[in-house]
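Examination of the molecular architecture
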Amino acid sequence: MATHSVAEDCEQLRKAFAGWGTNEGLIISILAHRSSAQIKLIRETYAQTYGEDLLKDLDKELSSDFERVVVLWALDPAERDAFLANEATKRWTSSNQVLVEITCTRTSDQLLLAKQAYHARFKRSLEEDVAYRSSGDFRKLLVPLASTYRYEGDEVNMTLAKSEAKILHEKISEKAYNHEDVIRILSTRGKAQINATLNHYKNEFGNDINKDLKTDPKDEFLAVLRATVKCLTRPEKYFEKVLRLAINKRGTDEGALTRVVTTRAEIDMKIIKEEYHKRNSVTLDHAIGKDTTGDYEKMLLALICHGDA
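For the structure given in this document, a descriptive report is provided here. (Residues numbered from 1 in each chain as written. Predicted model: local features only at pLDDT ≥ 70, side-chain atom pairs only at ≥ 80, totals over all residues. Heavy atoms only, no water.)

**Digging into the overall build of the protein**
When its secondary structure is counted, the protein shows 20 helices and 2 strands. Along the first, second and third principal axes, the C-alpha atoms of the protein reach 65 × 45 × 35 Å. For the protein, buried positions account for 48% of its 309 residues. The long-range share in the protein, meaning contacts at least 24 apart out of those at least 6 apart in sequence, stands at 68%. Summed over all atoms, the accessible surface of the protein reaches about 15100 Å², with 50% contributed by carbon and sulfur. Of the side-chain charges in the protein, 47 are positive and 49 negative, and the distance between the mean point of each set is 4 Å. (Helix = DSSP H or I, 4+ residues; strand = E, 2+ residues; numbered from the N terminus. Buried < 20%, exposed > 50% of the residue type's maximum accessible area, 1.4 Å probe, protein only. Contact = heavy atoms within 4.5 Å. Areas by Shrake-Rupley, 256 points an atom, 1.4 Å probe, with all protein chains shown as cover. Lys, Arg positive; Asp, Glu negative; His and termini not counted. Charge placed at Lys NZ, Arg CZ, Asp CG, Glu CD.)

**Here's the deal with unusual backbone geometry**
For Lys175, which is not glycine, the phi dihedral falls at a positive 60°. By the secondary structure assignment, Lys175 is in the loop between helix H11 (158-173) and helix H12 (180-188). Given the relative accessible area of 55%, Lys175 is considered exposed. For Ser281, which is not glycine, the phi torsion reads 60° and is therefore positive. Relative to the helices and strands, Ser281 resides in the loop between helix H18 (269-280) and helix H19 (284-291). Exposure remark for Ser281: the relative accessible area of 62% places this residue in the exposed category.

**Observations concerning empty space enclosed by the protein**
Tallied over the entire structure, the rule returns 1 cavity of 30 Å³ or more. Quantified by volume, the largest cavity comes out at close to 50 Å³. Forming the walls of the largest cavity are Thr103, Arg106, Thr107, Ser108, Leu111, Thr148, Tyr149, Arg150, Glu152 and Lys191. Tallied by class, the residues present in the lining of the largest cavity amount to 2 nonpolar, 4 polar and 4 charged. (1 Å grid on protein atoms, 1.4 Å probe; cavity = no way out; pocket = protein on both sides within 12 Å on 5 of 7 lines; lining within 4 Å. Points joined across faces, edges and corners; volume = space filled by probe spheres on them. Nonpolar A, V, L, I, M, F, W, Y, C, P; charged D, E, K, R; others polar.)

**Comments concerning the layout of surface pockets**
In this structure, the largest pocket encloses a volume near 1200 Å³. Elements with a contribution of two residues or more to the lining of the largest pocket: helix H6 (77-90), helix H7 (98-105), helix H13 (191-205), helix H14 (209-212), helix H15 (220-233), helix H16 (235-246), helix H17 (254-264) and H18. Per-element tally for the lining of the largest pocket: the top contributor is H16, with 8 residues. Grouping the amino acids of the lining of the largest pocket by side-chain chemistry returns 13 nonpolar, 8 polar and 19 charged.

**What to know about H15**
Under the 1.5 Å per step criterion, the end-to-end length of H15 is 20 Å for 14 residues, consistent within 8% with the ideal 20 Å. Summarising burial for H15: 12 of the 14 residues are buried, a large majority. Within the sequence span of H15, burial applies to Phe221, Leu222, Ala223, Val224, Leu225, Arg226, Ala227, Thr228, Val229, Cys231, Leu232 and Thr233. Elements in contact with the buried residues of H15: H7, helix H10 (136-147), H12, H13, H14 and H16. The backbone nitrogen of Phe221 has a side-chain oxygen 2.9 Å away, supplied by the residue at the start of H15, namely Asp219. (Expected span 1.5 Å × (residues − 1). Polar contact = N/O pair within 3.5 Å; in protein donor to acceptor, adjacent residues only side chain to side chain.)

**So, the pattern of salt bridges**
A complete count under the given rule lists 21 salt bridges for this structure. Residue Arg259 pairs with Glu101 through a salt bridge whose shortest N-O separation is 2.8 Å. In this pair, Arg259 is assigned in helix H17 and Glu101 in helix H7, connecting sequence segments 158 residues apart. Residues participating in the shared-partner salt-bridge network are Glu164, Asp181, Arg184 and Arg189. (Salt bridge = Lys/Arg side-chain N within 4 Å of Asp/Glu carboxyl O.)

**Brief notes about H11**
Under the 1.5 Å per step criterion, the end-to-end length of H11 is 22 Å for 16 residues, consistent within 8% with the ideal 22 Å. Taken residue by residue, H11 has Ala161, Glu164, Ala165, Leu168, Lys171 and Ile172 as its buried positions. Taken down its axis, H11 places every buried residue within 135° of arc, on the same side. In this structure, the buried side of H11 is in contact with H12, H13 and H14. Where H11 begins, the side chain of Asn157 points an oxygen toward the backbone nitrogen of Thr159, at a separation of 3.0 Å. (Arc of directions from axis to C-beta.)

**Observations regarding the nonpolar core**
Among the nonpolar cores identified, the biggest contains 91 residues, and Ile27, Leu31, Leu58, Val70, Leu257 and Met299 are the most heavily contacted of them. When residues of this core are assigned to their parent elements, the largest contribution, 8 residues, is made by H15. Once residues within four sequence positions are removed from consideration, Met299 is found in contact with Ile28, Ala32, Phe66, Val69, Val70 and Trp73. (Core = buried A, V, L, I, M, F, W, Y, C linked by side-chain atoms within 4.5 Å.)

**Quick word on the side chain of Glu236**
Structurally, the position occupied by Glu236 is in helix H16. A residue is classified by how much of its surface remains accessible, and Glu236, at 14% relative accessible area, is buried. Here Glu236 is in contact with Ile271, Ile272 and Glu275, once residues within four sequence places are set aside.

Pasting the structure below:
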């Protein structure tokens, strides 16, 4: 992006805030069509030019769900993850899967950057907040998930995959879901290794591991374990389900909808949309259009097409 257009974007955004009303359409037309790297430049240039913080101006000028989606999108991905993780620790309940989502669907480097952004913003570590806010089996799982730096390569040890599939099967058969080996395997092994282990699990013992972790539908720790497995192995399936549950007949969970759209727009939204269409027989665009309105709807629809060009 040429420097003059960064200056132009800043000027247009400044114009959108001027006068009596805010020009939301102008804000969408700029920010929804810029990458996180471009928005970072816009924020820096905006601060240099006007001596103001773009995020604070957005916060001041916009409101409700529209404000949240725009501000989350305007954050750097690591800052956004830090903000969402902090919110999840503050509102932590045993059914909250946001921490699993952030620790298990990001690459090792993305998670590391999010943890650094967390230090900078909250003057504490993500791990200490997770440990402080959670308890019992949840703490036993979430702290190592937040502390890990997984190997990212494709190398897989098949002997290890077989032996660890056996360990997982033994512990799950004994209902020892919180066993240290179950947590060790899920929280430290690289994603390729975990995939190999779980494929072997299915071939050897006949069931998908998540099926065996469904013995008690009311057990929230089991639900978190299943989310961990899904986030590590099939994130698009995990996010499809979050969206499906967020857009339902009983009302919309805007928090979840906004989070998934802003965090996945630049990553794998295309695959998530395909998964959603396959599973629900309607397109995600259609579902969002039916369930949301106004500027919030326009921003979401622009973001889910972000990587399509």
